[in-house]
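Summary of structural features
This is what each chain is made of:
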Amino acid sequence: MKKTENMVWRFFASVRLALFTLLILATTSVIGTLIPQKNPPGFYIDSFGQRTAQFFQLLDVPDMYNSWWFLSLLFLFSINLIVCTIDRLPNVWQMVVLNNLDTDPERLEKMPHRQLFHASENTDALTETAIALLAKNGWKAAHENKPDGSLIFSQKTPWSRLGVYAVHLSILVIFAGAIIGSLLGFKAGIMLPEGGASGTVYESGTGSPIPLGFTVQCDDFNVEYYADGATPKEYRSVLTVEENGKTTIDKRPIIVNDPLHYKGITFYQSSYEPMQGFNVIITNTKTKASQSFQIPFGQKNSWAEGGIEFGIINQEVRSRMGDVNRLKVWFSDGQGEPSIFWMDNSASQTITNPTATYEFAASQVYATGLQVAKDPGVWTVYAGCTLMLIGLYVAFFLSHRRIWVYITREENENRCRILVCGATSKNKIAFEKEFAALVQGFTNDSSFHNA
Amino acid sequence: MNSSQLLGITTFAYLFSAVLYIAMLVFRAKKIGLFATLVTAGAFLINTAGIGLRWYESHQMGIGYAPLSNMYESLVFFAWSIAIVYLFMEIRYKNRVLGAFSMPFAALAMILAGLKNPDIKPLIPALQSNWLIAHVITCFIGYAAFAVASGMGIMYLVKDRRSDKTAGPLIASLPDLKVIDDIIHKTLLFGFLWLTAGIITGAVWANSAWGTYWSWDPKETWSLITWFIYAATLHARFTRGWGGRRIAWLAIGGFVSVMFTYYGVNYLLSGLHSYG
Ligand code: HEM
C-alpha cells in the first residue's frame, strides 16, 4: 500500500510528467489553429466530408479548447504542479529560514567558494573587523561565538528561492480566474438601434437571453472616417443606463478600447449596422421652433405645427453594408415650389423660402453592435499575471547568496585561522566575481594575511 | 530624406555589419572587429532615427501613431530589437564573434521589411491603444532574444561538430562550448520573461477592446505553443540537467516556432491579427 501510494505520488510529482504534458499541450493546441473553431456542424461536413466531420464531433474538435480531453490535460497539468510543489516546497522553505549560524564547520570547509587567511589578533577584534569589511561590500552580517572562535554569517535575498514557486502558483491563480469567469460570467451581444433600449442581452453562441437588471439605451452612434474617406477612424456610441426608473449613467460615449463598465458588466463597441431610416431635425431659424423626427426612407412626413411636409426620396449608398453617403430631400412648407436637393449624410442644409428659412439636418439611423461581457474572474487572472512576471524575474535574475567567515584560534601557533567561504543558489559566474571582490577586501586589510 | 529612405539605408548598414562580423570570423581579422561594432552601432542609430522620423511623419499627416502597427513597422522594430539585444551582449560578454550569428537576423528582418509596402496608413479603431504599444515592444524584445539564442545554438552546433576532428583555426576562434551554452541559457531566460510579458499585455489589450483576454485565435494559440516549448526547454535544463547540443537544438526549434507565430500565422492561418 505504502509503496503504490509512493509510486502514484512520485508520478504526479515528476518533472518528466510536466515535460510530457507541456509537449502534448503544445502539439494538440496546433489542431485548433488549423481547423477553424466554433463553426456550425454543417461547415465541417462541407469542408471535411461526413465521416471526418463525425469523427471531429466525437472528439469535440470544433471546440477543442473547451473539450473534455483538453480540459483534462490542463487539469493533469495543475495536479502535477500542485503535487510537485507540495513535494518540494517544504525543503526549499527550510533553506529560506535556515539558521546558518548553526552550519557544521565541516561543511564550511567544503563550500564551493573559499579563501583562507591568518591573523595575529584575537577573535573578538577580528570578528569586528570582518563584520565591518562585509558591511563595506554590502553584506549585513550576524555572528555567534563558538567554543573555538567565532562564526559570522551574511546572506542576500534568501526568499529568491521562492520565485519558482511564485511562478507555479501564478499559473494556478490564472486558471482559478478563468474558472471563476466561465462559471459566474457570460459573453453576450446586442444590437441597439439609435434611440432603442434593452434590458436583455443575448449570449454568444447559444443566443439565449440574459436579463441585465437594468436597461441600456443607445442615444447616438457615429462612424468617423479619416481624410481618405475609407478608413474608419472612430466608432462611437453614446449610452445611457437606467435602473429602477432612474438614469444612473447619462450619455456616456464609448469607443473601441474604451468600454463602459456598469455593475460588473462591460459594454464594448464591437460593430454597427446602418438601418433603413433617418434622424431628421428641422429648425425654423426665425421662430427658433425645432422638432426632431425618425422617419423611414421614401415616405412623406409632416410637421403639422409649421405646415411642413418632407421626405427622403433618394439615397446614395457607399458600401455593401448600406451606409448612406448622400441623400435627396423633398421639402415643402406650402409656400411656393417645394425644395428638392442632395445633401451629405450627417450634415445640415439651409432652405430659404419666401417667408421663412429652415435648417434641415439629417443623418442615417444606425444600430450599434455591443459586445457585453461579465467576467468576475478577470482581476484574479491579472493578479496571477503580475505574480508570474514578478516570480519569473526573481527566479531568473536573483539568487540566494551566502557568506560565512569562520574564525578559529590556533593555540599552538598563537594566531587565528580565518575561513571566508560562500555559496549561491544559482548564477555561479556572477557570484564568483562578487566573492572575489570580498576576498580582495580581506587581502587589502592589514590584519589578514593570505594563507 | 524621409523615413523609408532612412530605413532603406538601415537595411544596407545591417547587411554590411553582418558581412563584417562574418569576415572577421572567417579571415580571423580581429582588426576589423571594432569597425564592425561601429557600423552596427551606426546602423542601430539610423534605424532608431528612421522609426522616430516615421513617427514624426505620421503626426505631420495628422494621424500620429507609434509606428508599431503593421507588418512593415513590426519588421523594422524587430531588426531594431535584435540590434540592441546583440549590442548589449557584445558589451556584456566582450565577444564580437557572436555578431556573425546575430546580425544576419537583423539584416534579414530589414530585407523582409523591404518587400512590404512602407506607406503610412491611418490606424483602425481597434489598434488605437497604448496596450498595443506595450504588447508589440515586449513581444519583439522577446523575439529578438530568441533570434539571438538560436544564432548561438547554431554556433554551438558548428563548434561541437568540428571540435573532435582537426579543429581549424576558424572553429577555434569561437568561444568555448561551455561559454556558448551559458549564453544560450541566459538569452533564453531573458526572452522567456519578455515573451511572457508580451502574451500578458496582449491579453490585457484584447480584454480592453473585446472583453475577452483570451479567445484562442490562431496567433494567440501559437504564442502559447511557443511559450510551452520554451517552458519545457527551461525545465529540461533545470531539473533534468539537459545542456549542450540538446538545448542548442531546442533554441533553434523554439525560434522556428517564434517565426511561425510571428510570420507564418499571418499568411497560412486566419484570425484577428491581420497585422504584425
Ligand atoms: C508552463 C508552466 C510552467 C512555468 C512557466 C514554469 C516556470 C518555472 C520556472 C521559471 C522555473 C525556474 C527555476 C529557476 O530559475 O531555478 C521552474 C522550475 C521548476 N519547475 Fe516549473 N514551470 C511550469 C510548469 C511546471 C510543472 C507543471 C511542474 C511540475 C512538476 C514544474 C516543476 C518545476 C520544478 C521541479 C522546478 C525546479 C525547481 C527548483 O529549482 O527547485 N514546473 N519552473
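For every chain, the first residue of the written sequence is number 1, and numbering continues from 1 onward in sequence order. Note on labels: chains are lettered from A, ligands numbered from 1, in written order. Totals for whole chains, interfaces and linings use all residues, but because this is a predicted model, local features are given only for residues with pLDDT of at least 70 and pairs of side-chain atoms are given and counted only at 80 or more. With hydrogens and water excluded, all non-hydrogen atoms of the structure serve as input to the side-chain values.

Before going further, it helps to examine the overall build of chain B. When helices and strands are counted, chain B shows nine helices and zero strands. When its C-alpha atoms are laid out on the principal axes, chain B stretches across 60 × 50 × 30 Å. Taking contacts inside chain B between residues at least 6 apart in sequence as the whole, the part at least 24 apart equals 80%. Positive charge is attributed to Lys and Arg, negative charge to Asp and Glu, and no charge count is given to His or to the chain ends. Working definition for charges: the position is that of NZ of Lys, CZ of Arg, CG of Asp or CD of Glu. Counting 20 positive and 11 negative side-chain charges, chain B places the centres of these two groups 10 Å from one another. Numbered from the N terminus, helices here are DSSP runs of H or I no shorter than four residues, and strands are runs of E no shorter than two. Every residue pair with non-hydrogen atoms within 4.5 Å of one another is taken to be in contact.

Time to look at the side chain of Ser 237 of chain A. Residue and element names in this part refer to chain A. Counting through the fold element by element, Ser 237 comes out in strand β7 (residues 232–243). A 3.5 Å cut-off defines polar contacts: any pair of N or O atoms within that distance qualifies, except that in protein one atom must be a possible hydrogen donor and the other a possible acceptor, and neighbouring residues in sequence count only when both atoms are side-chain atoms. Within the structure, Ser 237 has its side chain in polar contact with the side chain of Gln 269 (distance 2.4 Å). For Ser 237, the side chain forms a polar contact with the side chain of Thr 368, separated by 2.7 Å. Other than its neighbours up to four places away in sequence, Ser 237 contacts Asp 220, Phe 221, Arg 252, Pro 253, Ile 254, Gln 269, Thr 368 and Leu 370.

So, about the pattern of salt bridges. All names here are of chain B. The term salt bridge refers to a side-chain nitrogen of Lys or Arg lying within 4 Å of a carboxyl oxygen of Asp or Glu. All chains considered together, the criterion is met by 17 salt bridges over all chains. In this structure, Glu 90 and Arg 96 form a salt bridge, with 3.3 Å as the shortest nitrogen-oxygen distance. Buried residues are those whose accessible area, probed at 1.4 Å on protein chains only, stays under 20% of the maximum for their type, while exposed residues exceed 50% and partly exposed ones sit between those limits. The exposure class assigned to Arg 96 is partly exposed, which follows from its relative accessible area of 29%.

Another aspect to go through is the interface of chain A and chain B. Each partner contributes residues to the interface: chain A has 45 residues there, and chain B has 44 residues. Accessible surface is computed with a 1.4 Å probe, and the buried area is the amount of it that two parts give up when combined, taken over both parts together. Of all residues in chain A, Thr 33, Asn 257 and Phe 396 of chain A bury the most surface against chain B, accounting for 17% of the area lost on that side. For the pair chain A and chain B, the number of links is zero salt bridges. Where chain A meets chain B, there are 13 residue pairs in polar contact (both at pLDDT 80 or more). Listing elements by their share of the side of chain A that touches chain B, those giving two or more residues are α2 (15–34), α8 (163–184), β7, β10 (265–284), β17 (357–374) and α9 (378–397) of chain A. With 11 residues, α2 of chain A is the single largest residue contributor to the side of chain A that touches chain B.

Definition of nonpolar core: a set of buried residues of the types Ala, Val, Leu, Ile, Met, Phe, Trp, Tyr and Cys, connected through side-chain atoms within 4.5 Å. Counting 121 residues, the largest nonpolar core has Tyr 14, Phe 78, Met 152, Ile 184 and Leu 188 of chain B as its most contacted members. Non-local contacts of Ile 184 of chain B, meaning those with residues more than four positions away in its chain, are made with Ala 149, Met 152, Gly 153, Tyr 156, Ile 247, Ala 248 and Ala 251 of chain B. Within the second largest apolar cluster, 24 residues are counted, among which are Leu 260, Tyr 262, Ile 265 and Tyr 366 of chain A.

This part covers the site of the ligand. As a matter of local geometry, the ligand sits amid 23 residues, with His 168, Ile 171 and Ala 395 of chain A together with His 235 and Phe 238 of chain B nearest to it. Residue neighbours of the ligand fall on chains A and B, so the site bridges chains. Between the ligand and His 168 of chain A there is a distance of 2.7 Å, counted from a nitrogen atom to a side-chain nitrogen or oxygen. Within the backbone of Ala 395 of chain A, an N or O atom sits 3.2 Å from an oxygen atom of the ligand. Elements that contribute at least two residues to the shell around the ligand include exactly α2, α5 (68–97), α8 and α9 of chain A together with α8 (218–240) of chain B. Here a residue counts as near a molecule or strand whenever at least one of its heavy atoms sits within 4 Å of it.

What follows is about the sheet that holds strand β3 (residues 149–156) of chain A. All names here are of chain A. The six strands lie next to each other as β2-β3-β18-β19-β1-β20, forming an open sheet whose pairing is antiparallel. In the strand order of this sheet, the two ends are held by β2 (141–146) and β20 (449–450), each with one partner. Should DSSP find at least two bridges between two strands, the strands are regarded as paired. As defined by bridge partners, strand β1 (residues 113–119) adjoins β20 across two bridges and the pair is classed as antiparallel. Within β20, the residue paired with Phe 117 across the bridge is Asn 450. Only the stretch in contact is used when a helix axis is fitted, and all axes are lines through C-alpha atoms; the angle between N-to-C directions ranges over 0 to 180 degrees. Running over the sheet, helix α10 (residues 428–444) touches β1, β3, β18 (401–410), β19 (415–424) and β20 and is turned about 5° from β1.

Here we take up the sheet that holds strand β14 (residues 324–332) of chain A. All names here are of chain A. Reading across from one edge, β12-β13-β14-β15 is the order of the four strands in this open sheet, with antiparallel pairing throughout. The two strands at the open ends of the sheet, each matched to only one other strand, are β12 (301–303) and β15 (339–344). Sheet twist, expressed as the mean angle between neighbouring strand axes with direction ignored, is 30°. Pairing of β12 with strand β13 (residues 308–317), which is carried by three bridges, proceeds in the antiparallel orientation. The residue bridging Ser 302 from the neighbouring strand is Glu 309, located in β13.

Glancing now at the packing of α5 of chain A against α8 of chain A. Residue and element names in this part refer to chain A. For the pair α5 and α8, the least separation of the axes is 10 Å and the interaxial angle reads 145°. Here α5 and α8 pass one another in a crossing that is left-handed. Across from Leu 74, Phe 77, Ser 78, Leu 81, Ile 82, Thr 85, Arg 88, Leu 89 and Val 92 in α5, the residues of α8 making contact are Tyr 165, His 168, Ile 171, Leu 172 and Phe 175. Note on residue classes: Ala, Val, Leu, Ile, Met, Phe, Trp, Tyr, Cys and Pro are nonpolar, Asp, Glu, Lys and Arg are charged, and everything else, Gly too, is polar. Along the lines of polarity and charge, the residues of the contact of α5 with α8 split into 10 nonpolar, three polar and one charged. Handedness of each helix crossing follows the sense of rotation of the near helix against the far helix: counterclockwise by less than a right angle gives left-handed, clockwise gives right-handed.

Around the iron atom of the ligand, the protein contributes the donor atoms His 168 of chain A (NE2) and His 235 of chain B (NE2), at 1.8 to 1.9 Å from the metal centre. Nitrogen, oxygen and sulfur within 2.8 Å of a metal are treated as its donors, or within 3.2 Å for sodium, potassium and calcium (Na, K, Ca); water is not counted, so a site can appear incomplete. Geometry assignment treats four donors as tetrahedral when all angles are between 85 and 135 degrees, treats four as square planar and six as octahedral when opposite donors are over 155 degrees apart and all others between 65 and 115, and treats everything else as irregular. One way to put it: the six donor atoms around the iron atom of the ligand meet at angles of 85 to 179°, and that makes the site octahedral. You can see His 168 of chain A sitting in helix α8 and its partner His 235 of chain B sitting in helix α8, one on each of two chains. For His 168 of chain A, a relative accessible area of 14% corresponds to the buried category. Of the residues examined, His 235 of chain B reaches a relative accessible area of 24% and is grouped as partly exposed.

A few words on the environment of Pro 36 of chain A. Residue and element names in this part refer to chain A. In this structure, Pro 36 sits in the loop between α2 and α3 (41–48). Through-space distance from the C-alpha of Pro 36 to that of Asp 63 is 8.9 Å; in sequence the pair is 27 residues apart. When near neighbours in sequence (up to four residues on either side) are disregarded, Pro 36 contacts Phe 43 and Tyr 44.

Next up on the list: the confidence of the model for chain A. Think of pLDDT as the predictor's per-residue confidence, scored from 0 to 100. In this model, chain A carries a mean pLDDT of 89, and residues with pLDDT of at least 70 account for 99%. Here β20 of chain A stands out as the element of chain A with the lowest mean pLDDT, 79, in contrast to α9 of chain A, whose mean of 96 is the highest.

A few words on a nonpolar patch on the surface. Residue and element names in this part refer to chain B. Side chains of Ile 22, Val 26, Phe 27 and Leu 170 sit close together on the surface and give an oily, nonpolar patch of about 360 Å² of accessible area. When you line up the elements, Ile 22 lands in helix α1 (residues 3–26). Here Ile 22 falls in the partly exposed class, since its relative accessible area comes to 37%. Each patch is built from salt-bridge-free residues with over 30% relative accessible area, joining like charges within 9 Å and nonpolar side chains (Val, Leu, Ile, Met, Phe, Trp, Tyr) within 5 Å. In these tables, accessible area is a Shrake-Rupley quantity obtained with a 1.4 Å probe, and a residue counts as shielded only by the protein chains included in the view.

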